[in-house]
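Structure assessment
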Amino acid sequence: MKKIKNENQILIMLAFFSISVGLWGNFRQLWLQDNNFAVTNISNILSIGTLISVIIIWLIGKYVKLDKLKNTLVIVLLVKFVNMFCLYFLNMTSSIELIKLSIIIDIVTEYIVITCIYPLITTIIKNGTIYSKRRLTEYLFRDVGILFGGVFIGKSIAGILINYNACLFIANIFLVFSLLMLLNIKIKDLSNSEEYEGISSKYILKDKLLILYLIYMLIGTIAMSTALGLKMLTLTNYFKFSDSVATNYLLILGLLADIFGIIALKYLTPKNDYLTITIKFGIRFLGYVIAFVSNNIAITLIAITWSIFISTSYENICDAVYINRLENKYQLSFSNICHIIRFLGEAIGIFLCGLMYEKGLRYMFGLSSLFIMFQIGIAYYMIYLRKKENKV
């Protein structure tokens with residue numbers, strides 16, 4: 001039998017992990033609600049877990065060398081497996097504090113693995129194709145996990161009811177497969193190989209566009225998470241979707257977004273970058289403002305649908321032009337910084353989402369629109385600076 005390449009073994013490991021994340025992560029908020037957690041408590045737990053992830057990922061990036069990364073991930077996956085096993089038995093118990101701690105550990109371990117996968121791949125191979133395969137594998141198989149949950153949630157199979165806790169148990173089985181694949185991967189000796197260099201703060205600070213890009217990314221992530229950080233709770237409680245309908249809505253919309261993103265990249269990207277930003281964020285801003293002012297459920301659903309549908313489009317204009325400013329040796333280090341910034345924005349956004357959720361649906365989108373306004377302003381200014389720079 002032909003031996004599977006090491007980099008493909010990592011992608012298979014990621015596929016199993018992504019199925020686990022999609023299956024369990026999609027229902028995590030509803031699982032907590034079933035365990036009598038209020039929405040504000042849920043948002044606080046999620047935001048704290050995400051914030052702790054930021055700190056630990058920074059520490060890993062600073063102190064863990066590439067040749068130790070596999071062993072680090074093995075430990076993280078083992079912790080995640082044991083923790084999910086504990087969560088399964090904590091369901092419908094009065095152990096509130098233990099549940100909080102376990103959910104935080106679950107989030108932290110999930111984000112560590114997601115962040116460290118590509119650096120692990122670079123110990124074997126470094127090129128743009130494998131980076132794209134990594135992203136495609138994560139998104140595709142996460143959707144497979146979501147699809148499985150959407151199809152089987154609430155159904156009985158062989159007399160077993162597939163509920164949120166059953167999805168947690170099945171997700172843990174896929175996590176075991178992921179761990180077994182990781183243990184089987186051989187990492188080459190890196191003692192004499194050239195590694196990516198860590199990017200210094202001085203390097204970033206001397207580039208105005210990079211500073212603005214990080215601020216733009218932080219504000220944009222806060223805006224997105226403030227409106228949609230509690231998607232499943234919003235769809236099931238405010239819009240009265242069943243958990244199955246909400247899951248399938250998000251799955252289908254996510255797939256359409258990916259397809260449109262590919263089409264937009266090839267055929268529908270305007271030559272004017274200002275117009276591109278207006279299409280991606282300007283329409284979202286108007287939708288959120290109208291949703292806030294009208295306080296209409298149907299209009300709000302349209303605003304949510306557009307926001308998710310356009311989310312993966314035009315990354316070549318919104319992100320790639322700034323990331324590609326960096327020398328190749330700094331790409332990996334800067335990628336980790338971007339992960340940290342996004343997770344920080346997500347933590348802040350989910351916290352704000354929980355506060356606004358209690359006030360009413362409209363306030364989530366009203367507050368988000370304020371952040372989008374600043375995001376658009378920074379995006380326009382960055383385009384202006386780029387064009388000015390190109391003229392010099």
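Conventions adopted
- Residues numbered from 1 in each chain as written.
- Predicted model: local features only at pLDDT ≥ 70, side-chain atom pairs only at ≥ 80, totals over all residues.
- Heavy atoms only, no water.
- Helix = DSSP H or I, 4+ residues; strand = E, 2+ residues; numbered from the N terminus.
- Rg over C-alpha atoms; globule rule 2.2 N^0.38 Å.
- Buried < 20%, exposed > 50% of the residue type's maximum accessible area, 1.4 Å probe, protein only.
- Contact = heavy atoms within 4.5 Å.
- Areas by Shrake-Rupley, 256 points an atom, 1.4 Å probe, with all protein chains shown as cover.
- Polar contact = N/O pair within 3.5 Å; in protein donor to acceptor, adjacent residues only side chain to side chain.
- Core = buried A, V, L, I, M, F, W, Y, C linked by side-chain atoms within 4.5 Å.
- Phe/Tyr/Trp six-rings, centres within 6.5 Å; stacked < 30°, edge-to-face > 60°.
- Lys NZ or Arg CZ within 6 Å of the ring centre and 35° of its normal.
- Salt bridge = Lys/Arg side-chain N within 4 Å of Asp/Glu carboxyl O.
- Patch = residues over 30% accessible without salt bridge, like charges linked within 9 Å, V, L, I, M, F, W, Y side chains within 5 Å.
- Axes fitted to C-alpha atoms, helices over the stretch in contact; angles between N-to-C directions.
- Parallel < 35°, antiparallel > 145°, perpendicular 65-115°, else oblique.
- Left-handed = near helix turned anticlockwise from the far one by under 90°.
- Nonpolar A, V, L, I, M, F, W, Y, C, P; charged D, E, K, R; others polar.
- Disulfide = S-S within 2.5 Å.

**Looking at the overall build of the protein chain**
In terms of helices and strands, the protein chain carries 16 helices and two strands. For 392 residues, the compact-globule estimate of 2.2 N^0.38 gives 21 Å, and the C-alpha radius of gyration of the protein chain, at 21 Å, lies within 12% of that figure. If one aligns the C-alpha atoms of the protein chain with their principal axes, the spans along those axes are about 70 × 60 × 40 Å. Buried positions account for 51% of the 392 residues belonging to the protein chain. Pairs at least 24 apart in sequence give 85% of the contacts found in the protein chain among residues at least 6 apart. Summing over all exposed atoms, the protein chain offers an accessible surface of approximately 18,500 Å²; the carbon and sulfur share of this is 66%.

**Side note on helix α10 (residues 231-238)**
Restricting attention to buried positions, one finds in α10 the residues M232, L233, T234, L235 and T236. Positive phi appears at K240, one or two residues downstream of α10, with a value of about 60 degrees.

**Observations regarding the side chain of K280**
Mapped onto the secondary structure, K280 falls in helix α12 (residues 273-294). Side-chain polar atoms of K280 contact the backbone oxygen of I310, separated by 2.9 Å. Within the local environment of K280, its side chain forms a polar contact with the backbone oxygen of S313, the two atoms lying 2.8 Å apart.

**Re the nonpolar core**
Most often, soluble globular proteins keep nonpolar side chains buried together rather than apart. Judged by nonpolar contacts, the single largest core of 114 residues is most densely connected at W31, I103, Y213 and L230. Considering every element that reaches this core, the biggest residue donor is helix α5 (residues 96-121), with 14 residues. Discounting residues that sit within four places of it in the chain, L230 has contacts with Q29, V39, I42, S43, L46, I350, C353, G354 and Y357.

**Describing the environment of F365**
Tracing the backbone through its elements, the reader meets F365 in helix α16 (residues 361-391). Linking F365 and G287, residues 78 residues apart in sequence, is a C-alpha distance of 8.9 Å. Not counting the four nearest positions on each side in its chain, F365 is found in contact with A227, L228, Y288, T300 and I304.

**Things to note about the packing of aromatic side chains**
Counting across every chain of the model gives 23 aromatic pairs. Members of the aromatic cluster, each reached through a chain of ring pairs, are F81, F85, Y88, F89 and F169. K62 extends its terminal NZ or CZ atom over the ring of Y63, reaching a point 5.8 Å from the ring centre. When the ring centre of Y363 is taken as reference, the NZ or CZ atom of R362 above it lies at 5.7 Å.

**Things to note about the pattern of salt bridges**
Under the definition given, this model contains seven salt bridges. A salt bridge links R28 to D106; its shortest N-O distance comes to 2.6 Å. You can see R28 sitting in helix α2 (residues 28-34) and its partner D106 sitting in helix α5, a full 78 residues away along the chain. R28 sits in the buried class, given a relative accessible area of 8%. One continuous salt-bridge network, built from bridges that share partners, spans R28, K80, D106 and E110.

**Focus: a nonpolar patch on the surface**
Together, I252, L256, I259, I263, Y267 and L268 make up an exposed nonpolar region whose accessible area comes to about 590 Å². Within the element layout of this structure, L256 appears in helix α11 (residues 243-266).

**Side note on unusual backbone geometry**
Look at M92: it is not a glycine, yet its phi comes out positive at around 60 degrees. Turning to its location among the elements, M92 is positioned in the loop between α4 (69-90) and α5. According to the relative accessible area criterion, M92 is exposed, its value standing at 53%.

**A short note on the packing of α4 against α5**
Closest axis-to-axis distance for the α4/α5 pair is 9 Å, and the angle between their directions is 150 degrees. Between α4 and α5, the interaxial angle falls into the category roughly antiparallel. Remark: the crossing between α4 and α5 carries left-handed chirality. Tallied by class, residues from the contact of α4 with α5 come to 17 nonpolar, three polar and four charged.

**A look at the state of the cysteines**
Evaluation of the coordinates by the stated rule reveals zero disulfides. There is no disulfide at C116, and the cysteine sulfur nearest it, in C338, is 15 Å away. Of all cysteine sulfurs in the structure, the one in C338 sits closest to C318, which takes part in no disulfide; the separation is 14 Å.

**What to know about the side chain of T109**
Here T109 shows up in helix α5. Among the polar contacts listed, one links the side chain of T109 to the backbone oxygen of I105, at a separation of 2.8 Å. Apart from the residues lying within four places of it in its own chain, the contact partners of T109 are V76, V79 and K80.

**Brief notes about the packing of α11 against helix α13 (residues 297-309)**
The contact between α11 and α13 brings their axes to 8 Å, and the two run at 45 degrees. By the angle between their directions, the pair α11 and α13 is classed as oblique. For the pair α11 and α13, the contacting residues are Y249, L250, L253, L256, A257 and F260 in the first and L301, I304, T305, I308 and F309 in the second. Looking at the contact of α11 with α13 residue by residue, the class counts come to ten nonpolar, one polar and no charged.

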